[in-house]
Amino acid sequence: MRAPAGTENERLRWGVYLPTLDAFRQGTPPLVEAARRAEELGFDTAWVGDHLVFHPPLLESMCALAAAAAVTSRIRLGVGVLLLPLRDIVWAAKQLTTVDALAPGRLTLGVGIGGENPEEFAAAGVPVRERGRRLDEALEILPDLLTGKPVDHSGPLLSVHSPGLEPAPASPPPLYVGGRSDAAMERVARHGDGWLAMWHRPDTVAARRRTLAARAAELGRPEPSTTMLVFVNVADREDTAREEAAAMLWGQYRLRLDTVERYTLFGPAARVAERLAAYREAGVTEFALHPAAPDPLAQYEAYAKVRELLG
């Protein structure tokens, strides 16, 4: 696979999530404007999430990446994470290679199993209890689909008989695997160029990285890099930042802030930078900052200031 976008020997990389979910129910998210502004501000990656049905209205992830590809020329485009078990894998590969063709060499593919909203699995006609096994099986055949090779695969859960897809890149995009379970960590070690971490303390990230490095070595693979997804609200008034973060988490996930407050960053830029520094010391090589606020573009401006503080 292509080398991941950043290693421990390179500079810290900064990514932002584009607005695709309308957690505050303000109307169609300003996706195109956000993609342009993220690139103008010099961020390394513009990420999107992926759901079929979720608590707020939302834009489809592959369509969103195609729109972002059309209005940018430098910034990497990441999906984190694509709920591959929900999708027909051949159609998913076709969508991914299309984004790659529109933004050559700029695609980063994150995958995961989801499951926090069983309704979307019912809508897709996929048993939610099979999602882990479906992803494991999909990861065995996805590289061939993404590089234009024919695939003839039968079961146990997926039946794929596809000619080579064109156009196709010479090598697959960097693969990041999300998740917190032991099974997810095994997928990272076995298949991933990187781990897309979420809702972990810095000490937990450091411990998981050691485990990943050891397991990857056992499999004869390089150590995966670590990208940290963090929900962030930068504001001079901490009470305002906390209130907006709480509203976003409830609107998007139906989560109370107090259940994930230890992982959520809010307040003045210096405080946010200090907390991000702890993740950098734990071995995180890229941040994927998700605005926990009703104005994502204003947050991008604030994130750029945090980036300067961290150097």
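Now for a look at the structure at hand.

**Regarding the packing of aromatic side chains**
Piece 1. A full pass over the atoms with the stated rule returns 8 aromatic pairs.
Piece 2. Taking the centre distance of 6.2 Å and the plane angle of 75° together, the rings of W47 and Y176 count as edge-to-face. With W47 in strand 2 (residues 45-48) and Y176 in strand 7 (residues 175-178), this pair connects stretches of sequence that are 129 residues apart. Each member of the pair, W47 as well as Y176, is classed as buried.
Piece 3. Taken together, the ring pairs connect F54, W199, F231 and Y253 into an aromatic cluster.

**With respect to the packing of helix 3 (residues 89-102) against helix 5 (residues 131-146)**
Piece 1. The geometry of helix 3 relative to helix 5 is characterised by a closest axis approach of 10 Å and an angle of 45° between their N-to-C directions. As summarised for this structure, helix 3 and helix 5 are arranged oblique, according to the angle between their axes. Handedness of the helix 3/helix 5 crossing: right-handed. Where helix 3 approaches helix 5, its residues I89, V90, A93, L96 and T97 are matched on the opposing element by A138, I141, L142, L145 and L146.
Piece 2. Residues belonging to the contact of helix 3 with helix 5 are distributed by class as follows: 9 nonpolar, 1 polar and no charged.

**Here we look at the environment of E261**
Piece 1. Relative to the helices and strands, E261 resides in the loop between helix 9 (257-260) and strand 10 (265-267).
Piece 2. Other than its neighbours up to four places away in sequence, E261 contacts R242, F266 and R275.

What counts as what
Residues numbered from 1 in each chain as written. Predicted model: local features only at pLDDT ≥ 70, side-chain atom pairs only at ≥ 80, totals over all residues. Heavy atoms only, no water. Phe/Tyr/Trp six-rings, centres within 6.5 Å; stacked < 30°, edge-to-face > 60°. Helix = DSSP H or I, 4+ residues; strand = E, 2+ residues; numbered from the N terminus. Buried < 20%, exposed > 50% of the residue type's maximum accessible area, 1.4 Å probe, protein only. Axes fitted to C-alpha atoms, helices over the stretch in contact; angles between N-to-C directions. Parallel < 35°, antiparallel > 145°, perpendicular 65-115°, else oblique. Left-handed = near helix turned anticlockwise from the far one by under 90°. Contact = heavy atoms within 4.5 Å. Nonpolar A, V, L, I, M, F, W, Y, C, P; charged D, E, K, R; others polar.

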